[in-house]
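# Report on the structure
These are the residues of each chain, in order.
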Amino acid sequence: MFLRPAAANLIKRRFRLPSRTVSSTSGATTIPLSSRTKFSYQYHGPKDFSWRMNYSHRDPRVWLFLSGNAAIILAIHSNTVLAKDASIESSPENDMEGAEAMGLRKIEDGSVISNIHTSKWRVFTDKGRDLFLQGKLEEAEKLFLLALQEAKEGFGETDPHVASACNNLAELYRVNKAYNKAEPLYLDAISVLEESFGPEDIRVGSAFHNLGQFYIVQRKLEEARICYERALKIKARVLGLNHTDYADTMYHLGTVLHLQGKGKDSEALIQDSIRILEDGGQGESIMCVKRMRNLAQIYMKSNRLEEAEKVQRKILHIMELTKGWNSLDTVITAEGLALILQSAGSLKEAEELLERCLDARKTLLPQDHIQIGANMLHIARVAMLNSNQLKKVDTSKAICELEKARDILNESIRIAQSSLDKSMRQNRKIHSYGASGDIGKNFRVALVILLQALDALGLLAINKQELQESKDECLPNSEAENALLRCISTYKEFVTEMSIAEFPEVKAEYLKCLKHLLSLNGNSTTQTSQQSTRVNLQDLRDEIKRLELQLSPSRNRKI
């Protein structure tokens, strides 16, 4: 049931502007500038494996330029959906009164011939926008600064043109991560808009929404919440409770509340934002699907598998109708459902879905694409779970499932290794070390898959030994140990090569391998078993403690 009173209660609260005192945020992170905007959905399945799904929408550097006597350029990035009423509009009478006050001359068709400042403002704004689209931020900054100067001289300090120029410059600084420069400009733009149109004007609401986006990319959650609640209040009054722009701010506010741990209010807002889109005929839109994905992810994190499954099935139905199985979007959606089913113990349906996903991927992707390797890893894990269920009923069938899983894991390892080698060759060829760009991203994904597959191979060997009731149970399992030792050598080799050791997802997988290796060897107590191991247990413990400290939440918050 969708709880709309949650939104109604929020907009009744009292609001205040964030403080204008600006602190340095050089350490903050934001959404990187790339050639295309990506709406990202990340599902965390068993073993904490995650796969990111991207929906290309538009170039993140494309700004919505609304021409007129007071144009505003608003940035579009991966978490922003702009209100359509964000432009500054004015009546012909007000235009003429303002023109006469500035000494502008009215002509027969009712338009205005601007003075030199007005002309320069338009030229600087247009050229600055074009340079920004080309990624030439330094040159664009100079022109936006000039546009701001001309707006103030040509229109006055409190004219909406000044708000436009402030917003443009603030967006540039946001993209360039110069947050300390951007914040006062956002606040100046809001101040001018409030003075020009009143505090409850829709343009003020849109400006608060954008300021909320500015805060959320820096994880300033409380400031973002205040801005979104203010924007929601204005949009509710002006647009109504069923408008898609109102739903947009509602969704963003719900996201902030989720990050703040306010689950009940968060879910109600996100659910209601989805319902508004569905009622407005946009239930199959990318925007609506994105919101449903995030809702499913929230359910998964709270282990509400039944609710997560219902939402994910709904998404898959939409993807099958709109895109069919010749689309990777549908394949990844089906894989997400399969992982939920796997967590819920519905192994047969999970396996069938994963097999169908694998067949589709082999048709759509190159033979050794890392997504194929990841898909195989999922299938192998289901086979291992099947074996675990069968071991009490039929040991031979349980062993067969493990043999099947081992073959699939070996193929997944081969693909991941091939992908890593390819990334290294590309990295050396362009002499671009580090984790930035597509090479670094693809490398990290392949390395995570390889570590997970090797770790699963070690666990498989242990399970098989238990099923076979080995007489040498006191000795470490050499096959399992080999797989886990390969995790260590792989991590050290590739992390050094690509300089990506600081990425937590890689460290987390490496840490799991180390813990499993310690458990495998630490349980051996006899002198013979201790001599057989090829690792120094104390060094292993020290390395585990070091990684746990680096990955601890308290340390990450300080960073």
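For clarity, every value in this text was computed on a predicted model and none was experimentally measured. (Residues numbered from 1 in each chain as written. Predicted model: local features only at pLDDT ≥ 70, side-chain atom pairs only at ≥ 80, totals over all residues. Heavy atoms only, no water.)

Enumeration according to the criterion identifies 28 salt bridges in this entry. Close ionic contact of Glu-194 with Arg-230 constitutes a salt bridge, the shortest N to O distance being 3.1 Å. Of this pair, Glu-194 sits in helix α6 (residues 179-197) while Arg-230 sits in helix α8 (residues 221-239), and the two are 36 residues apart along the sequence. The same class applies to Glu-194 and to Arg-230, which are both buried. (Salt bridge = Lys/Arg side-chain N within 4 Å of Asp/Glu carboxyl O. Helix = DSSP H or I, 4+ residues; strand = E, 2+ residues; numbered from the N terminus. Buried < 20%, exposed > 50% of the residue type's maximum accessible area, 1.4 Å probe, protein only.)

Structurally, Pro-199 is set in the loop between α6 and α7 (202-216). Residue class for Pro-199 comes out partly exposed when judged on its relative accessible area of 42%. Contacts of Pro-199, omitting those with residues within four sequence positions, involve Glu-194, Val-204, Arg-230 and Ile-234. (Contact = heavy atoms within 4.5 Å.)

Quick look at the side chain of Thr-249 now. Tracing the sequence through the fold places Thr-249 in helix α9 (residues 244-259). A relative accessible area of 0% means that Thr-249 is categorised as buried. Thr-249 has contacts with His-209, Tyr-228, Ala-231, Leu-232 and Lys-235, leaving out every residue within four places of it along the chain.

All right, on to helix α10 (residues 263-279) then. Along an α-helix, residues three or four positions apart point the same way, because every turn accommodates 3.6 residues. With 17 residues, α10 extends 24 Å from end C-alpha to end C-alpha; this agrees with the ideal 24 Å at 1.5 Å per step. Most of α10 sits inside the fold, with twelve of its 17 residues counted as buried. Every buried residue of α10 is accounted for by Ser-266, Glu-267, Ala-268, Leu-269, Ile-270, Gln-271, Asp-272, Ser-273, Ile-274, Arg-275, Ile-276 and Leu-277. Two residues or fewer past α10, Gly-281 is found with a positive phi of approximately 80 degrees. (Expected span 1.5 Å × (residues − 1).)

Where helix α11 (residues 286-301) contacts helix α12 (residues 305-322), the axes come no closer than 8 Å and their chain directions differ by 155 degrees. Classified by the angle between their axes, α11 and α12 sit roughly antiparallel to one another. Between α11 and α12 lies a crossing whose hand is left-handed. Taken together, the residues of α12 that come into contact with α11 (itself represented by Val-289, Met-292, Arg-293, Leu-295, Ala-296, Tyr-299 and Met-300) are Leu-305, Glu-307, Ala-308, Val-311, Gln-312, Lys-314, Ile-315, Ile-318 and Met-319. Partitioned by chemical class, the residues of the contact of α11 with α12 number twelve nonpolar, one polar and three charged. (Axes fitted to C-alpha atoms, helices over the stretch in contact; angles between N-to-C directions. Parallel < 35°, antiparallel > 145°, perpendicular 65-115°, else oblique. Left-handed = near helix turned anticlockwise from the far one by under 90°. Nonpolar A, V, L, I, M, F, W, Y, C, P; charged D, E, K, R; others polar.)

Another point: the packing of aromatic side chains. A complete count under the given rule lists five aromatic pairs for this structure. For the pair Tyr-491 and Tyr-510, a centre-to-centre distance of 3.7 Å together with 5 degrees between the ring planes defines the contact as stacked. Residue Tyr-491 is located in helix α18 (residues 478-498), and its partner Tyr-510 is located in helix α19 (residues 504-522); the two are separated by 19 residues in the primary sequence. By relative accessible area, Tyr-510 is classed as buried at 1%. Among the aromatic residues, those joined into a cluster by ring pairs are Tyr-179, Tyr-186, Phe-214 and Tyr-215. The ring centre of Trp-325 lies 4.0 Å from the NZ or CZ of Arg-356, which sits over that ring. (Phe/Tyr/Trp six-rings, centres within 6.5 Å; stacked < 30°, edge-to-face > 60°. Lys NZ or Arg CZ within 6 Å of the ring centre and 35° of its normal.)

With 72% of its residues at a pLDDT of at least 70, the protein reaches an overall mean of 78. For the protein, per-element mean pLDDT is lowest for strand β3 (residues 63-65), which scores 27, and highest for helix α14 (residues 347-364), which scores 97. Under a pLDDT of 50 for its full length, residues 1-6 has, in the predicted model, eleven contacts with residues more than four places off or in other chains. Note on residues 525-531: pLDDT is under 50 here. Beyond four places in sequence and across chains, it has seven contacts. (pLDDT = per-residue confidence, 0-100.)

Another point: unusual backbone geometry. Its identity is not glycine, yet Lys-177 carries a phi of approximately 65 degrees, on the positive side. Its location among the elements puts Lys-177 in the loop between α5 (160-175) and α6. With relative accessibility at 43%, the residue Lys-177 sits in the partly exposed group.

General note: in soluble globular proteins, nonpolar side chains tend to be found buried as a group. Counting residues in each nonpolar core, the largest one holds 71 residues, and the members touching the most others are Leu-409 and Leu-447. Only α13 (328-344), α14, α15 (370-390), α16 (395-430), α17 (437-467), α18, α19 and α21 (537-551) provide two or more residues apiece to this core. With 14 residues, the top contributor of residues to this core is α17. Discounting chain neighbours no more than four positions away, the residues touching Leu-409 are Leu-377, Ala-380, Met-384, Ala-453, Ala-456, Leu-457 and Leu-460. Core analysis: the second largest hydrophobic core is formed by 55 residues, Ala-165, Cys-166, Tyr-179 and Ala-207 among them. (Core = buried A, V, L, I, M, F, W, Y, C linked by side-chain atoms within 4.5 Å.)

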